[in-house]
There are 2 protein chains.
Amino acid sequence: MRRVLALACLILGLISAPARAETDALRSTGNLGVIIERASGSVLIVDRTAHAILDRVEGFGDLSHASVVFSSDARFAFVFGRDGGLTRLDLLTGAITGRVMQAGNSIGGAISDDGALVAVANYKPGGVRVFDADTLEPVASYDTGAKTIGLVDLPGRRFAFTTWDTGETWIADLSAPDLEAVVIEGIGANPYDALLSPDGRSYIAGLFGEDGLTRLDMWDDTPEPQRILPGYGRGEEPLPVYKMPHLEGWAQAGDRFVLPAIGHHEVLWVDAKDFTEAGRTKVHGQPVFAVARPGGRQVWVNFAHPLNDTLQVLDTQSGEVIETLKPGPAVLHMEFSPRGNEVWVSVRDAGVVQVYDTESFELIAELPANDPSGIFFTARAHRLGL
Amino acid sequence: MRRVLALACLILGLISAPARAETDALRSTGNLGVIIERASGSVLIVDRTAHAILDRVEGFGDLSHASVVFSSDARFAFVFGRDGGLTRLDLLTGAITGRVMQAGNSIGGAISDDGALVAVANYKPGGVRVFDADTLEPVASYDTGAKTIGLVDLPGRRFAFTTWDTGETWIADLSAPDLEAVVIEGIGANPYDALLSPDGRSYIAGLFGEDGLTRLDMWDDTPEPQRILPGYGRGEEPLPVYKMPHLEGWAQAGDRFVLPAIGHHEVLWVDAKDFTEAGRTKVHGQPVFAVARPGGRQVWVNFAHPLNDTLQVLDTQSGEVIETLKPGPAVLHMEFSPRGNEVWVSVRDAGVVQVYDTESFELIAELPANDPSGIFFTARAHRLGL
């Protein structure tokens, strides 16, 4: 191996670059995102390249637990509020272009792979409701008879979701009219959240009522519940559980998943092939989100109250903590730029969103926000299973 | 398992959805793409949702071998022509907003993870030139003293590329001024193409001058060449090699890579963990591209002349051919919608681009195009290693 310095720059251009066309009125949305302001029920539209707030939009109802998906053209954000509100926001104009109160209490949503349908999972009443993404007219309704969680999109205009009360995973197929939903029983006691692995194959439910997790192989024609990580869970509760970790925070880093331990100051490394435990790392507190930087080289972890002023960065290969940051009180959420060069961090009780360089760990920007929680960038429009 | 029909739709909305705001002058670019018209040196701007051609733009020079990357905001396409032209196209206005003839003969380009820098790999003169993505002003130049291929972006404002004549892989770090490029020797005889695995970790070069491939682990601080798949290559040439397969066509599907065999009517399945061969599937002809549908459930394969009127679809789990399509003469390229519900196929000698539903394999749209070759959708803006 040797090292070579780049040559001094030499213009070989035969034609020089003209100034950029006068197109200031136009803008694209590939570098936009939204930040949830949970206390005020408002949403900030941000430019992640400029580290700038473009607009604040009011009128989303109760955003104390909110999530967001994006239209296939990355222009519209669909905001799911805790109060059952489904609101469509035009990122180019800042206008709310549709809003329905579709239930009394909801827990999250998803958009179909073709961008045509938006689905919402509900606590009260239970079940899942599906809407036309263009008109917000209702298209279908699945009455699960139970609180419904873990809603994700699957390829082929399908959705998967799971019931808290009855331990069932449903697979709803909307590729043609009047197809029956497949219901898989025996998922376990009180599934509280579920995720789809980044490769779209494994649907994994966390259980509140018992230890372990349940995996379904979505490539099987008839998926069967498979218990994995039997020691994983609340167990004997050696520590009080301040917050059940978000399973959406599961990260795949190389050939391992990273998983927040429940009630312990640890993250777990899990073999991505056979779902056995492959190691543990001691961390600062009870982890809430463990999120892989795109490319999987590091994992960033935040923590539950009362240790939630801290972020830690783990090296994927060694499993070691390589950096500890103190963004401030109540670090609630992290969102990476799509190719991972930056991470945005909401620090609720400081009223700011911070932007860090993921190579140097330097704080490079700070944006004011009212009780910021979730941060969502439009590149999510192009990913499965969110 | 049981099956349940969705309930008839029931509007629970307390507030009905208003009509969409009048914003026809605005558009987003998340569902746009470009199609290379190789004979005429022109580019089509397409809407992949509407299956519509929005514009034809002329003036790109020689596009007989062309590739494209996108700006971080998904608004601008950077088109790399065979003649060394680097051209920036505004997808919102259809205007060319910059063009430099940066070399005499080039083979492809890449954009840095932060979207700030565009790099081009050149045959004549060799080496890599790096430009500011906003101004197209030159920023750095790496004189490798050889034809340079296999240029990809790496995390941390870095690029990797490889030399045909001297068998070196260079890692150029542009995160600070005047950093030395790392040069790794011993890649092998005449690397002709290289790729970065979807997880950003493995950089793999194909060799024209000998059998096998060479892998570098980009997570290592000092990557060492590792020979893999020693039986893979031109070997005894039992069949004439009509076209060396594009390594960018490597697909990761579940825990295996899929790889076009060279000179054989086969695709190879390769273990993604240890890079050993895990099986072969007989296919219609010499494969050129083997591309996984996002989610990895199927792999689509096209073929070299004279059997290039055909596409085959392989099931990832069984490895079997599950569908054979005959799009028409000279099927050159395939591009999936970002979440895989559709695939666009260029059929050069029929002068059309076809769109297939990936679930039903039905032809759902056909667009006229002059000698279409490469198809590139803007979601690529958000992916590493392209």
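Residues numbered from 1 in each chain as written. Chains lettered and ligands numbered in written order. Predicted model: local features only at pLDDT ≥ 70, side-chain atom pairs only at ≥ 80, totals over all residues. Heavy atoms only, no water.

Per an unreviewed UniProt entry, chain A is named Protein nirF, and its organism is Palleronia caenipelagi.

Caption draft 1: Geometry of the interface of chain B and chain A. Contacts between chain B and chain A engage 103 residues on the former and 103 residues on the latter. Approximately 8400 Å² of surface area, both sides summed, lies buried where chain B meets chain A, with 56% of it carried by carbon and sulfur atoms. Joining chain B to chain A, the criterion identifies four salt bridges. The salt bridge partner of R339 of chain A is D153 of chain B, with a shortest N-O separation of 3.1 Å. Our count for the contact surface shared by chain B and chain A stands at 20 residue pairs in polar contact (both at pLDDT 80 or more). (Contact = heavy atoms within 4.5 Å. Buried area = accessible area lost by both parts, 1.4 Å probe. Salt bridge = Lys/Arg side-chain N within 4 Å of Asp/Glu carboxyl O. Polar contact = N/O pair within 3.5 Å; in protein donor to acceptor, adjacent residues only side chain to side chain.)

Caption draft 2: Highlighting empty space enclosed by the protein. If you walk through the whole model with that rule in mind, you get five cavities of 30 Å³ or more. Taken as a whole, the largest cavity encloses approximately 60 Å³ of empty space. V68, V69, F70, I111, D153, R380, A381, R383 and L386 of chain A together with R339 of chain B together form the lining of the largest cavity. No other element matches strand β5 (residues 67–70) of chain A, which puts three residues into the lining of the largest cavity. Class assignment for the residues of the lining of the largest cavity results in six nonpolar, no polar and four charged. Considered as a void within the structure, the second largest cavity measures approximately 50 Å³ in volume. Surrounding the second largest cavity, R339 of chain A together with V68, V69, F70, I111, R380, A381, R383 and L386 of chain B form its lining. When residues of the lining of the second largest cavity are assigned to their parent elements, the largest contribution, three residues, is made by strand β5 (residues 67–70) of chain B. Counted by class, the lining of the second largest cavity contains six nonpolar, no polar and three charged residues. (1 Å grid on protein atoms, 1.4 Å probe; cavity = no way out; pocket = protein on both sides within 12 Å on 5 of 7 lines; lining within 4 Å. Points joined across faces, edges and corners; volume = space filled by probe spheres on them. Helix = DSSP H or I, 4+ residues; strand = E, 2+ residues; numbered from the N terminus. Nonpolar A, V, L, I, M, F, W, Y, C, P; charged D, E, K, R; others polar.)

Caption draft 3: Seen up close, the sheet that holds strand β20 (residues 226–228) of chain B. Residues and elements named next belong to chain B. Strand order in the open sheet formed by four strands is β17-β18-β19-β20, with antiparallel pairing between adjacent strands. The sheet is open, and its two edges are formed by β17 (191–196) and β20, each paired on a single side. Pairs of neighbouring strands in the sheet enclose a mean axial angle of 30°, with direction left out of account. In this structure, strand β19 (residues 213–217) lies alongside β20, joined through three bridges in antiparallel fashion. When the bridges of β20 are listed, T214 appears paired with R227. (Pairing = 2+ DSSP bridges. Axes fitted to C-alpha atoms, helices over the stretch in contact; angles between N-to-C directions.)

Caption draft 4: Representation of unusual backbone geometry within the structure. Cis geometry is adopted by the peptide bond preceding P125 of chain A, which originates at K124 of chain A and carries an omega value of -20°. Mapped onto the elements, P125 of chain A comes out in the loop between β10 (117–124) and β11 (128–132). With phi around 45°, L229 of chain A is a residue other than glycine that occupies positive phi space. By secondary structure assignment, the location of L229 of chain A is in the loop between β20 (226–228) and β21 (251–253). Residue classification places L229 of chain A among the buried residues on the basis of a relative accessible area of 7%. Unusually for a residue other than glycine, F275 of chain B sits at a positive phi of about 60°. (Buried < 20%, exposed > 50% of the residue type's maximum accessible area, 1.4 Å probe, protein only.)

Caption draft 5: Just the pairing of strand β2 (residues 32–37) of chain A, in detail. All names here are of chain A. By the criterion of burial, β2 is predominantly enclosed, with six of the six residues buried. Relative to strand β3 (residues 42–47), β2 runs antiparallel, the two sharing six bridges. In the strand pairing of β3, V34 is matched with I45. Adjacent in sequence and paired antiparallel, β2 and β3 are bridged by four residues, among which G41 carries a positive phi angle near 65°. The sheet contact formed by β2 and strand β33 (residues 372–377) spans four bridges and is antiparallel. Bridge assignment links I35 to a residue of β33, and that residue is I375.

Caption draft 6: Seen up close, the environment of A52 of chain A. Residue and element names in this part refer to chain A. Looking at the element boundaries, A52 is found in strand β4 (residues 52–57). Taking relative accessible area as the criterion, A52 reaches 23% and is therefore assigned partly exposed. Sequence separation of A52 and D315 is 263 residues, and the distance between their C-alpha atoms is 30 Å. Setting aside residues up to four positions removed in sequence, A52 forms contacts with I45, V46, D47 and L367.

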